[in-house]
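Each chain, written out:
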Amino acid sequence: TEAGLKDALTWLRQYGIAFVHGVPCQREITTAVLKRLGGVQRMLYGEVWEAVAKEDPDDHAFSRHSLAMHTDCTFLHDTPAVQVLHCFSQSEDIPAVSHFVDGFWVAERLRQRSPECFQFLCTTPLRYHYYVDDMSEETMSHPLAMKKTFNVDDSGALVQVCHNNYHRAPVSYLSFDDVPKLYKALNAVEEELVR
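Numbering of residues starts from 1 in every chain and runs along the sequence as written. Per-residue local features are limited, in this predicted model, to residues with pLDDT of at least 70; the limit for side-chain atom pairs, both in listing and counting, is 80 or more; totals at the level of whole chains, interfaces and linings are taken over all residues. The basis for every side-chain value is the complete set of heavy atoms in the structure, and neither hydrogens nor water enter the calculation.

Draft legend 1. Region of interest: the nonpolar core. Here, nonpolar core means buried Ala, Val, Leu, Ile, Met, Phe, Trp, Tyr and Cys residues that are tied together by side-chain atoms lying within 4.5 Å of each other. Here the term buried applies to any residue with accessible area under 20% of the maximum for its type, exposed to any over 50%, and partly exposed to those in between, with areas from a 1.4 Å probe on protein chains only. Counting residues in each nonpolar core, the largest one holds 26 residues, and the members touching the most others are Leu-110, Phe-118, Leu-121, Phe-150, Leu-182 and Val-189. Elements supplying a minimum of two residues to this core: α3 (103–113), α4 (115–123), β1 (125–129), β4 (158–161) and α5 (178–193). Apart from the residues within four sequence positions on either side, Leu-121 is in contact with Leu-110, Lys-148, Thr-149, Phe-150, Leu-182, Ala-185, Leu-186 and Val-189. Numbered from the N terminus, helices here are DSSP runs of H or I no shorter than four residues, and strands are runs of E no shorter than two. Residues count as neighbours in contact if any of their non-hydrogen atoms are within 4.5 Å of one another.

Here it is in structure tokens:
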């Protein structure tokens, strides 16, 4: 409905997350809802795809284990502004629970508690990559991107958070002095994520 669309967009704008109920478990209907929300961006596996848990996955996202807090698609130069997850069916043998955290809140807490770590993550780009054995030309062949963990605008206001230890590439491009600063800063982020 128009009212439901307005509510979802209001929640996304104000809180960065929205829950939509009553969407039938059909790919075509899910895609239609996405287009009403603002469009669909082609990703590694197409516009819309199924994430199914595997016994021996190439990517943590397809494992049967819980994931640490992270932002998705950090390896893409053009990270989607909104990601939609639609659970068609829940595993019968392993109950699934989704957890969400306000990355902007985490960044602001870090800015207050550890300004040097916050500043380091605002000024030091990290390399992210996506590499699995079954990548092909159709799936964009091993994307790689450099991103700062906290992107701020010219006034210092936070505009984006990019944090994903699963897809962070080796840090051999950093100076010897910056490596311990990086790990100190990333540990500080992890501490804030679980507070």
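Draft legend 2. Highlighting the confidence of the model for the protein chain. A residue's pLDDT is the predictor's confidence in that residue, given on a scale from 0 to 100. On average, residues of the protein chain carry a pLDDT of 81, and 82% of them reach 70 or more. Here strand β2 (residues 144–148) stands out as the element of the protein chain with the lowest mean pLDDT, 84, in contrast to α4, whose mean of 97 is the highest.

Draft legend 3. Spotlight on the environment of Arg-195. Among the secondary structure elements, Arg-195 is positioned in the segment after α5. With 89 residues separating them in the primary sequence, Arg-195 and Val-106 have C-alpha atoms 9.2 Å apart. In contact with Arg-195, not counting residues within four places along its chain, are Arg-109 and Arg-113. Polar contacts involving the side chain of Arg-195 include one to the side chain of Glu-192, which spans 3.1 Å. Nitrogen and oxygen atoms within 3.5 Å of one another constitute a polar contact, given that in protein one can donate a hydrogen and the other can accept it, and given that sequence-neighbouring residues count only through two side-chain atoms.

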